[in-house]
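# Notes for the structure review
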Amino acid sequence: MSLLTHFFYFKDRNIFMIENNIKELLLMRLKDLGFHLIRVKIISVNGRKTLQIMAERIKDRGMDIADCAFVSRQVSAFLDVEDPISSAYTLEVSSGGLSRPLTMLDDYECFKGSKVKVTLKEAYLGNRSHKGFLQGIDKEGLIVLETESYEMKINFYEIEKCNIDLNWSIQNENIKLK
């Protein structure tokens, strides 16, 4: 590993630790306010940091502009006191959107029947990326994904990222609107 590689590794690890700290700070706080925390992510571009918070209402998984403004005010006030990020940053609050990321094991049961794109940390059948329909979680706690060609059983910790398929989500939103 070069010195530059070490620098990026430690920088990424530090950001990961800060993100996890913020996630722990906000999980119960948002739950008490009636919101589910989807994701916490810190992005740094040209030395400017942005803290992205994705959330949704617990009761119906919705999130409108008024909710975003409310959560933004609450999170901003809370993080001003806790101060988990030592430098200046911009706070962004949003919904999970149509291609919502699945970030917790419970999400794979809640979104059972949804079409998703899963990216694994390591290749399975020659690919890291797989599309299919979630079948939920089996008795062993494995996520079941039914693709066009095969069924996969995936350990949650083997997943790099997973999102609801945008085209499927748009199509299903249009069906709901009719």
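Residues numbered from 1 in each chain as written. Predicted model: local features only at pLDDT ≥ 70, side-chain atom pairs only at ≥ 80, totals over all residues. Heavy atoms only, no water.

All right, on to the pattern of salt bridges then. Taken as a whole, this structure holds nine salt bridges when the rule is applied. Here Lys 131 ties to Asp 165 by a salt bridge, and the two come within 3.2 Å at their closest N and O atoms. Placement of Lys 131 in strand S5 (residues 127-137) and of Asp 165 in the loop between strand S8 (159-164) and helix H4 (166-177) is noted, with a sequence separation of 34 residues between them. Via salt bridges that share partners, Glu 56, Arg 61, Arg 100 and Asp 107 belong to a single interconnected network. (Salt bridge = Lys/Arg side-chain N within 4 Å of Asp/Glu carboxyl O. Helix = DSSP H or I, 4+ residues; strand = E, 2+ residues; numbered from the N terminus.)

The subject of this paragraph is the sheet that holds strand S2 (residues 48-57). The mixed open sheet is built from three strands, whose spatial order is S1-S2-S3. The strands lining the two open edges of the sheet, one partner per strand, are strand S1 (35-45) and strand S3 (89-94). If you compare each strand with its neighbour and ignore which way they point, the axes differ by 20 degrees on average. As paired elements, S2 and S3 share six bridges and run parallel to each other. Residue pairing for S3: Lys 49 is matched across the bridge by Tyr 89. (Pairing = 2+ DSSP bridges. Axes fitted to C-alpha atoms, helices over the stretch in contact; angles between N-to-C directions.)

The subject of this paragraph is the layout of surface pockets. Considering only enclosed or pocket space, the largest pocket measures out at about 890 Å³ in volume. Within the residue set of the lining of the largest pocket, elements represented by two or more residues are helix H1 (3-32), S1 and S8. Taken together, the residues that form the lining of the largest pocket break down as ten nonpolar, three polar and eight charged. (1 Å grid on protein atoms, 1.4 Å probe; cavity = no way out; pocket = protein on both sides within 12 Å on 5 of 7 lines; lining within 4 Å. Points joined across faces, edges and corners; volume = space filled by probe spheres on them. Nonpolar A, V, L, I, M, F, W, Y, C, P; charged D, E, K, R; others polar.)

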